Amino acid sequence: MCGIIARAGIGDALEELVVGLQNLEYRGYDSAGVAVRRADGPITVCKREGETDALEAALSGRALPGGTGIGHTRWSTHGAPSDANAHPHTDDSGRVAVVHNGIIRNHESLRRELREAGHRFRSETDTEVVPHLVAAALDDGADPESAFRAAVARLEGSYALAMIVDEDDAVYATRRGSPLVLGLGTDANYLASDVPAFLEFTDRVVYLEDDDVVVLEGNTYRITDVDGTPVDRPIETVEWDASDARKGVYNHFMRKEIDEQPVSLRQTLEGRIDGDRSELTAFPPGSLSDVDDVVFVACGTSYHAAMYGSTLLRRRGVPATALRANEFAHDPMPVSERTLVIAVTQSGETADTLASLRVANDLSARTLAVTNVVGSSAARGADEALFIRAGPEIGVAATKTFSSQVAALALLADRIAADGGGADAYGDETAGVGDHGGAYDPDSVRSDLESLPTAVETVVNDAGAARLATQFADAESYFFIGRGVGYPVALEGALKFKEITYEHAEGFAAGELKHGPLALVTPATVVIAVFTGRNDELTLHNVREAQSRGAPVVGVGPASATTLRETVDEYLPFPRTDPNLAGIPANVHLQLLAYHAAEIRDRAIDKPRNLAKSVTVE
Ligand code: AGP
């Protein structure tokens, strides 16, 4: 949700700024822009509505020498996508240029005040007040750093800001509630919303805290607090590889990331299973023994992973609920010091999820972030963190991180249950159809977690979803149904499908279909039914209800489940795995189905309309 990049150092900034913007485009693609301070003094701004290609075309053939610059890729909040609303924004004279990610809540009153003082505004953005505030302070005799601090002191809301001023060699930056990370190179230093922006130039990073003020000058940097007192932040080395953040031979990041799942799952699981127990370094045996109940908070795909995790915990006899973070933050459920609130978030920067974490902290619950990003706000804002180790995910549609989240939550559920002695709540009931029983056998789950990457590899190489995407390309609606852990997978399948194809897709608990949604089922509705090997015969009833109304049904289920295969119209099989984990390979089929359906429709798969990867506003 808006990406910012800044660079100061030896050599020219422009090329690296553009690379940074390309790498950040998953955060927003309504417009892109750069401002470079020319070696001889003034600032040149170039910005265009549209993706970074439009900016690159506008820049082509233009020489913009200078080692200091800022850049921005926008996801619109205030003002439509346009050249005028694109960042960087400047003051009247063009002396000050600013890029911003976040929302300045008091921008209207500041704008009124500045207008009355004679400032002229050229955009509808909240951001534009910042360069005007800085210019006003400069006019009053402040130096650039003091002017920047004075402007920031007037702001309410969330922001990551970077600023350059003409005839000054530095970049000034700060953050509050929006991500900003410092990258330390050899000839230059960088600031960005996310590490992949500058990963090609350096893997040495400093994660900044709220209200840190950073000054980059030449190839040096300085971090101070809001009062100007120097603060010491550790330098860390990022383990991600720069090639992980590139498309390579693929047309789309999404497809690359789907294919990466056998590897990313291995990374998630590596060293974390030891025979009869889950080994999580952060959670040695006994460390979760004071947990009475678990509340998950998350959004979007992460919410579906959280639902999956809560189902696994309940199956182990541990009371667990998954709530949407945007609801919990404003209507929290009662929690106690013995409640573990788990924020599941790929980016670790989703504003709704961070707001929930703050509420949970305020309510004195024990908090844990399950995230992909070391150093993220969630990782730092929770009492503890568990990293899913999936590697960078660039496609806006989350894929490999869902699989890794679920695998990590399965390990965590095992540890919580072992510490709390949660009894298997569902005993030894059997599912009937399919090749598995219904019991939660922790040994089977652990052992099948180890073979999960291989099972997923089989699905990734299966051409079935591509064929069915073509076969059902003319359907009016796509309904995804499932029960147990198949329910969050059905929701996730529908989210992925609508997100990148723009077709009508909905997910339902299989048993709920007959309570209303069945009224919408016609021969033009494709029903995609997720089977896990547990309670499948019940889902099969729901399948037959849909088939009676003429709907074609695609089953996604265990390879050896012959009754299922014979009942549904089409079948996407996955290799035998424990029913508690079966949602993971099933979901990979649904990812591929969405991907191919979007490809047929020629959609912008990695950058679906109106969306951005990391939603840093509430
Ligand atoms: C799903 O494809 C989306 N990218 C979106 O739903 C996402 O999962 C949600 O915005 C939460 O993001 P997070 O995991 O980074 O918190």
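Description of the structure in this document. (Residues numbered from 1 in each chain as written. Predicted model: local features only at pLDDT ≥ 70, side-chain atom pairs only at ≥ 80, totals over all residues. Heavy atoms only, no water.)

This paragraph deals with the overall build of the chain. In terms of regular secondary structure, the chain is built from 18 helices and 26 strands. Here the C-alpha radius of gyration of the chain, 25 Å, is about what a compact globule of 618 residues would show, namely 25 Å. Structurally, the chain occupies a C-alpha span of about 80 × 55 × 45 Å along its principal axes. For the chain, with 618 residues in total, the buried portion stands at 62%. Taking the intrachain contacts of the chain between residues at least 6 apart in sequence as the baseline, contacts between residues at least 24 apart amount to 72%. When the accessible area of the chain is evaluated, it comes to approximately 21800 Å², of which 46% is carbon and sulfur surface. (Helix = DSSP H or I, 4+ residues; strand = E, 2+ residues; numbered from the N terminus. Rg over C-alpha atoms; globule rule 2.2 N^0.38 Å. Buried < 20%, exposed > 50% of the residue type's maximum accessible area, 1.4 Å probe, protein only. Contact = heavy atoms within 4.5 Å. Areas by Shrake-Rupley, 256 points an atom, 1.4 Å probe, with all protein chains shown as cover.)

In the vicinity of the ligand there are 14 residues, among which S302, T345, Q346, S347 and T350 approach most closely. Contact between the ligand and T345: an oxygen atom at 2.7 Å from a side-chain N or O atom of the residue. At a separation of 2.7 Å, an oxygen atom of the ligand approaches a polar backbone atom of Q346. Bound to the protein, the ligand loses 92% of the 400 Å² it would expose on its own. Secondary-structure elements contributing two or more residues to the shell around the ligand are α8 (300-315) and α15 (486-501). Grouping the amino acids of the shell around the ligand by side-chain chemistry returns five nonpolar, seven polar and two charged. Summarising the domain contributions, the shell around the ligand has at least three residues from each of domain 2 (247-425) and domain 3 (454-618). (Near = heavy atom within 4 Å. Polar contact = N/O pair within 3.5 Å; in protein donor to acceptor, adjacent residues only side chain to side chain. Nonpolar A, V, L, I, M, F, W, Y, C, P; charged D, E, K, R; others polar. Domains from an automatic or database assignment.)

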